[in-house]
Every structure is written in C-alpha cells, then in structure tokens.
Amino acid sequence: MALAAFSKEQLLDTLRSAILLSPIAYVGQMTSPVARSAAENFLAEALYWSGIYEFDLRGEGVVKLLQDICQKPGVDCAHLLTSFTGPNCCLNSTIVDVFLDHEPQPTSTKNLIHLAQMVRDGKISMYDYGDEAQNMEHYGQVTPPLYNMSSIPNDLPLFLSYGRADALSDVRDVKLLLENLKDHDGDKLVTQYREDYAHADFVMGGTAREVVYDPLTAFLRLQ
Ligand SMILES: *[C@@H]1O[C@H](CO)[C@@H](O)[C@H](O)[C@H]1NC(C)=O
Ligand SMILES: *[C@@H]1O[C@H](CO)[C@@H](O)[C@H](O)[C@H]1NC(C)=O
C-alpha cells in the first residue's frame, strides 16, 4: 500500500539493495490452511462490508485466547502456529511466548483483501476495487494492472531466502518469482534455500542467526 505513494523511480532511488525473506510476492500456491480458507471464503471482504477496516487480532482478544489455550497441559502451541506458517523446525515455546507479547500487529482490512485477491488469482496485481468504474478511476482501466516485474533493475542487489516447509511463501511461488528474476545479474542475486525452514523460523528460529542473519549481514556489508 505504502508503495503506491512513490513513483517507480522514486522508490528505486531509495533502495540500494533488498532482502526478501520467505517472500510474499506470488501467493497463488499458498498452502496454509488458515490463510487459504480465509481467502477462498472472502473473510476479509466480509469484515470490510461489515464496517471493520482495521484487522486487529489483539483487539479482538484472540491472542489472549491463544495464550490461555497454550497454557493448557498437553497443548503444543507450535502446532497452532503451524497451521498458519507451516511446520517450523526451530521454535521453542519460550520464543513463541515472546513473539505473542508483540505480535500479531494490526493491518488494514483492505491490505488483507488485496492479499486474498492475489491468493485467489495467482498474479501480482494492484488492488481490485471490485467495480469497473472505481478501477477506471484509479487505474484508467477496468481491471487492476499487473505489477511489472521486469522493472526491477537487473543490477539491484537482492538477497532471497526461502524454506521448503513454508506454507505462506510456497516453494512453487518463490520459483515463479525467481523465474521473473532469471535475467538478473548473477552476482547481484544471492538465493538461499533451507530444507528445514517454515515461515516463522525466519523470524525467530533458534538457528536463524547463523543460518539466515549472518549471511544476510555479510551480504549487506558488500553493498
Ligand atoms: C515492463 O518494464 C520493462 C522495463 O522497464 C519494459 O521494457 C516493459 O515494456 C514493461 N512492460 C509493460 C507491460 O509495461
Ligand atoms: C528458546 O529459543 C531461544 C531463542 O532461540 C533461546 O534463546 C532459548 O535459550 C531457548 N530456550 C529453551 C528452553 O530451549
């Protein structure tokens, strides 16, 4: 959303390099049962139509509920997270508790609708107002334009890391993204593939520092 306020040139002027960790770009193959069923059942649209424009799980008390459930004997909270992120290899309950003290953060319902549209149609396109006149007003055409992936300069340094077990950033979707980057200068694109990582491992996996963040900071130092 914030990107819309910049022209392509302005945005590129502000970037010297970019880091893509478990990237959410193409999302048509997303396997996460929670995310996919929300998209397919138009849950974000239903919230929007009922006047809820801010999606805040904390506000709704859902995190509290989750934390209560997590206290129960025999409940392994890594599994609740699993149905959203895929099976994370390297989380323990201590770090998940710390995470829940700060996350999930709210977002706009419109942002979720946009993601759901891309889950359903598998393209990286702008927000669909769901109405030809409104699309026309915003874009000068009745359907939302696709983002032009070729306008990513081939010499922009990119570090991309993805994991086989990630249910949000599916490997097939990342391959589509890499296909878009096939003409990228070889020495400007570092890709890293982790067999064991799912989505939350990139944030708080016990091994993330050595496995992801050390190579990432080494990459940044070179730019
Ligand atoms: C996409 O961007 C590339 C590079 O800037 C340009 O050559 C191409 O014409 C653009 N394609 C479309 C469909 O706008
Ligand atoms: C849990 O993981 C965190 C972060 O990786 C680590 O600092 C902590 O020592 C681990 N705790 C246990 C009980 O394994």
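Criteria and thresholds
Residues numbered from 1 in each chain as written. Chains lettered and ligands numbered in written order. Predicted model: local features only at pLDDT ≥ 70, side-chain atom pairs only at ≥ 80, totals over all residues. Heavy atoms only, no water. Helix = DSSP H or I, 4+ residues; strand = E, 2+ residues; numbered from the N terminus. Buried < 20%, exposed > 50% of the residue type's maximum accessible area, 1.4 Å probe, protein only. Contact = heavy atoms within 4.5 Å. Areas by Shrake-Rupley, 256 points an atom, 1.4 Å probe, with all protein chains shown as cover. Disulfide = S-S within 2.5 Å. Expected span 1.5 Å × (residues − 1). Bend = angle between axes of the 7 residues up to and from the residue. Arc of directions from axis to C-beta. Polar contact = N/O pair within 3.5 Å; in protein donor to acceptor, adjacent residues only side chain to side chain. Patch = residues over 30% accessible without salt bridge, like charges linked within 9 Å, V, L, I, M, F, W, Y side chains within 5 Å. Salt bridge = Lys/Arg side-chain N within 4 Å of Asp/Glu carboxyl O. Near = heavy atom within 4 Å. 1 Å grid on protein atoms, 1.4 Å probe; cavity = no way out; pocket = protein on both sides within 12 Å on 5 of 7 lines; lining within 4 Å. Points joined across faces, edges and corners; volume = space filled by probe spheres on them. Nonpolar A, V, L, I, M, F, W, Y, C, P; charged D, E, K, R; others polar.

Chemist: Can you tell me about the overall build of the chain, naming the residues and giving the values?
Modeler: Helix and strand content of the chain: eleven helices and five strands. In the chain, buried positions account for 33% of the 223 residues. Of all intrachain contacts in the chain linking residues separated by at least 6 positions in sequence, the fraction that spans at least 24 positions is 72%. Carbon and sulfur atoms make up 56% of the accessible area of the chain, which totals about 13000 Å².

Chemist: Quick one: what's the story with the state of the cysteines, residue by residue and with numbers?
Modeler: This model, assessed by the stated rule, comprises one disulfide. Each sulfur of the disulfide joining C89 and C90 lies 2.3 Å from the other. Of note, the bridge from C89 to C90 carries an S-S torsion of about -100° and is left-handed in sense. We classify C89 as partly exposed; its relative accessible area is 35%.

Chemist: Got a sec to walk through helix α11 (residues 208-222)? Specific residues and values, please.
Modeler: An α-helix turns once per 3.6 residues; consequently, residues spaced three or four apart project the same way. Here α11 is 15 residues long and its end C-alpha atoms lie 20 Å apart, about the 21 Å a rise of 1.5 Å per residue gives. A bend of about 25° at D214 is the largest found in α11, and the proline P215 appears one to four places after it. What α11 keeps buried is the set A208, V211, V212, L216 and F219.

Chemist: Talk me through helix α9 (residues 171-180); I want residue IDs and the actual numbers.
Modeler: Listed in full, the buried residues belonging to α9 are V171, D173, V174, L177 and L178. Down the axis of α9, the sector holding all buried residues measures 155°, keeping them to one side. On its buried side, α9 packs onto β4 (158-163) and β5 (189-194). One side-chain oxygen of the residue at the start of α9 lies 2.8 Å from the amide nitrogen of R172, identifying that residue as D170.

Chemist: A description of a nonpolar patch on the surface should follow, citing residues and the corresponding values.
Modeler: The grouping of Y48, W49 and Y53 at the surface amounts to a nonpolar patch, some 410 Å² of accessible area in total. Examined against the element boundaries, Y48 turns out to sit in helix α3 (residues 43-49). A relative accessible area of 31% places Y48 in the partly exposed class.

Chemist: Tell me about the site of ligand 2, and please be specific about residues and values.
Modeler: Residues in contact with ligand 2, as listed here, are N92, I95 and G206. When ligand 2 sits alone it has 370 Å² of accessible area, and the protein chains cover 36% of it.

Chemist: Give me the layout of surface pockets: which residues, what numbers.
Modeler: Reported here for the second largest pocket is a volume of approximately 350 Å³. What lines the second largest pocket is a set of 19 residues, among which I113, Q117, D128, Y129 and G130 lie closest to the centre. For the lining of the second largest pocket, the secondary-structure elements that each account for two or more residues are α3 and α7 (109-121). At five residues, the largest contribution of residues to the lining of the second largest pocket is made by α7. Along the lines of polarity and charge, the residues of the lining of the second largest pocket split into eight nonpolar, five polar and six charged.

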